[in-house]
Amino acid sequence: MNAKALFAPAVVVGVLALLPLARLVELPVLVMLVAGLHLLWRHRERALFVGGGLTAALFAAYWSPALLAGVDAVNPAKSWATTLAVVRFLPMALWIAWALDEEQRTLVLYASGAIVAFWAADALFQAAVGFNLLGMPLSDERLNGVFGTTNIKLGHVLAVLSPLAIEAGRRSGRRWLLAGVYGLLLAAIIL
């Protein structure tokens, strides 16, 4: 795979890789947003139908509850601001669906699975010795891993992203690897 073919997978994996670095994750999101808007403009007649119909339907299923929740929200301003901010993910998702071929999707899956597995292994290392591989200490006796002491969301992130590592392990065809991934993730999430 040449450098041009690696650009799209690198941007997609970049979101996951930069997730622990707070707002820096917005850079690859911005790249995908601009690329998605360009895609929608350039192929406006058919962008939602060629490779993006399912993506648009899934986005609607994700976004419509937020629209409904905004009607009687406790803090309407914050609810509507969040709901409107999520709209940026539609062009981003359409670009991902359009830009990645099967080989690139497989590469994204394996790279994402490796990142999630690394985070879980780092968390278990932190549980064993009191600090993670980057030297960050435990935060109030809770595993925080690569997310640091002020951004305690490791367990939630691992729980949500664990299917990526599990599917990568399953596709490897090695039962021992799949079992190891399951064990690693389960231990890190429970701790």
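The model shown is predicted, which means the values in this text are computed figures rather than measured ones.

Undergrad: Go over the side chain of Ser79 with me, naming the residues and quoting the values.
TA: Counting through the fold element by element, Ser79 comes out in helix H4 (residues 76-85). By relative accessible area, which is 16% here, Ser79 ends up buried. If sequence neighbours within four positions are ignored, Ser79 has contacts with Ala69, Gly70 and Ala73.

Undergrad: Describe the packing of helix H2 (residues 26-42) against helix H5 (residues 89-99), and please don't skip the residues or the numbers.
TA: Following both chains from N to C, one finds H2 and H5 inclined at 80°, their axes separated by 7 Å at the closest point. With respect to each other, H2 and H5 are oriented roughly perpendicular. Along its contact with H2, which presents Val29, Met32, Leu33, Ala35, Gly36, Leu37, Leu39 and Leu40, the element H5 presents Phe89, Pro91, Met92, Leu94, Trp95, Ile96 and Trp98.

Undergrad: I'd love a proper account of the packing of helix H3 (residues 53-71) against H5, names of residues and values included.
TA: At a minimum axis separation of 9 Å, H3 and H5 run at an interaxial angle of 150°. Considering the angle they form, H3 stands roughly antiparallel to H5. As H3 runs across H5, the sense of the crossing is right-handed. The residues of H5 that touch H3, namely those facing Thr55, Ala56 and Phe59, are Phe89, Leu90, Ala93, Leu94 and Ala97. In terms of residue class, the contact of H3 with H5 is built from seven nonpolar, one polar and no charged.

Undergrad: Lay out helix H1 (residues 3-18) in plain terms, naming residues and giving numbers.
TA: Pro9 marks where H1 bends most, by close to 30°. All of the buried residues along H1 are Ala8, Pro9, Val11, Val12, Val13, Gly14, Val15 and Leu16. Tucked inside the fold, the buried residues of H1 contact H2, H5, helix H6 (102-129) and helix H7 (154-172).

Undergrad: Pulling in residues and values, what's your account of the environment of Leu30?
TA: Here Leu30 is to be found in helix H2. Counting along the chain gives 58 residues from Leu30 to Arg88, while the straight-line C-alpha distance between them is 8.9 Å.

Undergrad: I'd like to hear about the nonpolar core, residue by residue, with values.
TA: Inside soluble globular proteins, nonpolar side chains tend to come together where they are buried. Core analysis: the biggest nonpolar cluster contains 30 residues, and Met32, Val116, Trp119, Leu154, Leu158 and Leu185 have the highest contact counts within it. Of all elements in the fold, only H1, H2, H5, H6, H7 and helix H8 (175-190) reach the threshold of two or more residues within this core. Residues within four places of Trp119 in sequence aside, it is in contact with Leu16, Leu19, Pro20, Val146, Phe147, Leu154, Val157, Leu158 and Leu161.

Undergrad: So, the packing of aromatic side chains: which residues are in play, and what are the values?
TA: For the structure on display, the rule yields four aromatic pairs. Both rings, one in Trp119 and one in Phe147, keep their centres 5.3 Å apart while their planes meet at 70°; by these two values the pair is edge-to-face. Residue Trp119 is located in helix H6, and its partner Phe147 is located in the loop between H6 and H7; the two are separated by 28 residues in the primary sequence. Ring plane angle 80° and centroid distance 6.1 Å describe the contact between Phe125 and Phe131, whose orientation is recorded as edge-to-face. Taken together through their ring pairs, the aromatic side chains of Phe59, Tyr62 and Trp63 make up a single cluster.

Undergrad: Got a sec to walk through the environment of Phe131? Specific residues and values, please.
TA: By the secondary structure assignment, Phe131 is in the loop between H6 and H7. On the basis of relative accessibility, which here comes to 41%, the residue Phe131 falls in the partly exposed class. Expressed as a C-alpha distance, the spacing of Phe131 and Leu143, which sit 12 residues apart in the sequence, is 9.0 Å. Leaving out residues up to four positions away in the same chain, Phe131 has contacts with Phe125, Gln126, Met136 and Pro137.

Undergrad: I'd love a proper account of the side chain of Gln126, names of residues and values included.
TA: Residue position: Gln126 is located in helix H6. Using a relative accessible area of 0% as the deciding quantity, one classes Gln126 as buried. Within the structure, Gln126 has its side chain in polar contact with the side chain of Asn144 (distance 2.9 Å). When sequence neighbours within four positions are dropped, the list of residues in contact with Gln126 reads Phe131, Asn132, Met136, Pro137, Leu138, Leu143, Asn144 and Gly145.

Conventions adopted
- Residues numbered from 1 in each chain as written.
- Predicted model: local features only at pLDDT ≥ 70, side-chain atom pairs only at ≥ 80, totals over all residues.
- Heavy atoms only, no water.
- Helix = DSSP H or I, 4+ residues; strand = E, 2+ residues; numbered from the N terminus.
- Buried < 20%, exposed > 50% of the residue type's maximum accessible area, 1.4 Å probe, protein only.
- Contact = heavy atoms within 4.5 Å.
- Axes fitted to C-alpha atoms, helices over the stretch in contact; angles between N-to-C directions.
- Parallel < 35°, antiparallel > 145°, perpendicular 65-115°, else oblique.
- Left-handed = near helix turned anticlockwise from the far one by under 90°.
- Nonpolar A, V, L, I, M, F, W, Y, C, P; charged D, E, K, R; others polar.
- Bend = angle between axes of the 7 residues up to and from the residue.
- Core = buried A, V, L, I, M, F, W, Y, C linked by side-chain atoms within 4.5 Å.
- Phe/Tyr/Trp six-rings, centres within 6.5 Å; stacked < 30°, edge-to-face > 60°.
- Polar contact = N/O pair within 3.5 Å; in protein donor to acceptor, adjacent residues only side chain to side chain.

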